[in-house]
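Listed below, chain by chain, are the residues.
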Amino acid sequence: MNLSGNWQDFYEYGSGYELPYFGQRVHIKASITDVNGSFTGEIVEDGSVFSVKLEATIKGFIEDGFISFVKKYPKKPIIVEHSTTINYESGSLEIEHEGIVDAQNNSIYGNWFIIEIITDELGTFENTSQGIWLLTKL
């Protein structure tokens, strides 16, 4: 399946997020250019109570029905706990995506992961957040 074209659907906050974010969906649109299974593109996220309007780039590949890509935000959005506010830190944010190519339903879908190494006064630890995503070709 060639991924070139326009796509839309959502991503959903999963483990690593507390209420009110956990389980919330954010509507997204993507434009993808696929050349022989390697692709690049842009994703635009709608603004809502649980997100701010953001743009990101994507780069990845498909192979034997498997899809893998990295979504990169030019600035790093940070959710403020127990609030519906999103702030930004310096630097970019990369989010790993893996999933399935479903040619029969003109869809791609799977899981996303953020793994961050955080160092503070208590030491160094790994913070993991994840969720699901779905894109359907228009």
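Everything below is about the structure printed above this text.
Residues numbered from 1 in each chain as written. Predicted model: local features only at pLDDT ≥ 70, side-chain atom pairs only at ≥ 80, totals over all residues. Heavy atoms only, no water.

> Tell me about empty space enclosed by the protein, residues and numbers included.
The final tally for this structure, using the stated rule, is one cavity of 30 Å³ or more. Roughly 40 Å³ of internal volume is contained in the largest cavity. Every residue along the wall of the largest cavity is listed here: Tyr 11, Ile 28, Ile 43, Phe 69, Lys 71, His 97, Trp 133 and Leu 135. Put simply, the parts of the chain that give the lining of the largest cavity at least two residues each are strand E5 (66-73) and strand E10 (123-137). Looking at the lining of the largest cavity residue by residue, the classes come out as six nonpolar, one polar and one charged. (1 Å grid on protein atoms, 1.4 Å probe; cavity = no way out; pocket = protein on both sides within 12 Å on 5 of 7 lines; lining within 4 Å. Points joined across faces, edges and corners; volume = space filled by probe spheres on them. Helix = DSSP H or I, 4+ residues; strand = E, 2+ residues; numbered from the N terminus. Nonpolar A, V, L, I, M, F, W, Y, C, P; charged D, E, K, R; others polar.)

> Could you give an account of the sheet that holds strand E3 (residues 38-45), naming the residues involved and the relevant values?
Pairing within the closed barrel is antiparallel, and its eight strands lie in the order E1-E2-E3-E4-E5-E8-E9-E10. Averaged over all pairs of adjacent strands, the angle between their axes in this sheet comes to 30°, without regard to strand direction. Bridge analysis of strand E1 (residues 5-13) against E10 gives seven bridges, and the strand direction is antiparallel. Of the residues in E10, the one forming a bridge with Tyr 13 is Gly 131. (Pairing = 2+ DSSP bridges. Axes fitted to C-alpha atoms, helices over the stretch in contact; angles between N-to-C directions.)

> I'd like to hear about the pattern of salt bridges, residue by residue, with values.
This structure, assessed with the given rule, holds three salt bridges. Taking the shortest distance from any N to any O, the salt bridge between Lys 72 and Glu 94 comes out at 3.9 Å. Of the two residues, Lys 72 is situated in strand E5 and Glu 94 in strand E8 (residues 93-102); the sequence distance between them amounts to 22 residues. (Salt bridge = Lys/Arg side-chain N within 4 Å of Asp/Glu carboxyl O.)

> Outline the packing of aromatic side chains, listing residues and values.
One pass over the structure, following the stated rule, counts eight aromatic pairs. Ring geometry for Tyr 11 and Trp 112: centres 6.1 Å apart, planes at 90°, overall edge-to-face. Of this pair, Tyr 11 sits in strand E1 while Trp 112 sits in strand E9 (residues 107-120); the two residues are 101 residues apart in sequence, bridging distant segments of the chain. For the pair Tyr 11 and Trp 112, one class covers both residues: buried. Each ring, one from Phe 61 and one from Phe 66, has its centre 6.2 Å from the other, and the planes form 50°; the classification is tilted. Counting every residue linked through ring pairs, the aromatic cluster contains Tyr 11, Tyr 13, Tyr 17, Tyr 21 and Trp 112. Stacked on the ring of Phe 10, the Lys or Arg Arg 25 has its end atom at 3.9 Å from the ring centre. (Phe/Tyr/Trp six-rings, centres within 6.5 Å; stacked < 30°, edge-to-face > 60°. Buried < 20%, exposed > 50% of the residue type's maximum accessible area, 1.4 Å probe, protein only. Lys NZ or Arg CZ within 6 Å of the ring centre and 35° of its normal.)

> Hey, could you go over unusual backbone geometry for me, with residue numbers and the actual values?
Geometrically, the link from Leu 19 to Pro 20 is a cis peptide bond, its omega value of 15° lying close to zero. Take Pro 20: it is sitting in the loop between E1 and strand E2 (25-35). A positive phi angle is found at Asn 36, which is not glycine, with a value near 55°. Take Asn 36: it is sitting in the loop between E2 and E3. Look at Asn 36 and you get exposed, because its relative accessible area is 80%.

> Describe the side chain of Asp 102, and please don't skip the residues or the numbers.
When you line up the elements, Asp 102 lands in strand E8. Here Asp 102 occupies a buried position and makes no salt bridge, while the nearest side chain of opposite charge, Lys 137, is found at 13 Å. Look past the residues within four positions of Asp 102 in its chain and what remains in contact with it is Met 1, Ser 107 and Tyr 109. (Lys, Arg positive; Asp, Glu negative; His and termini not counted. Contact = heavy atoms within 4.5 Å.)

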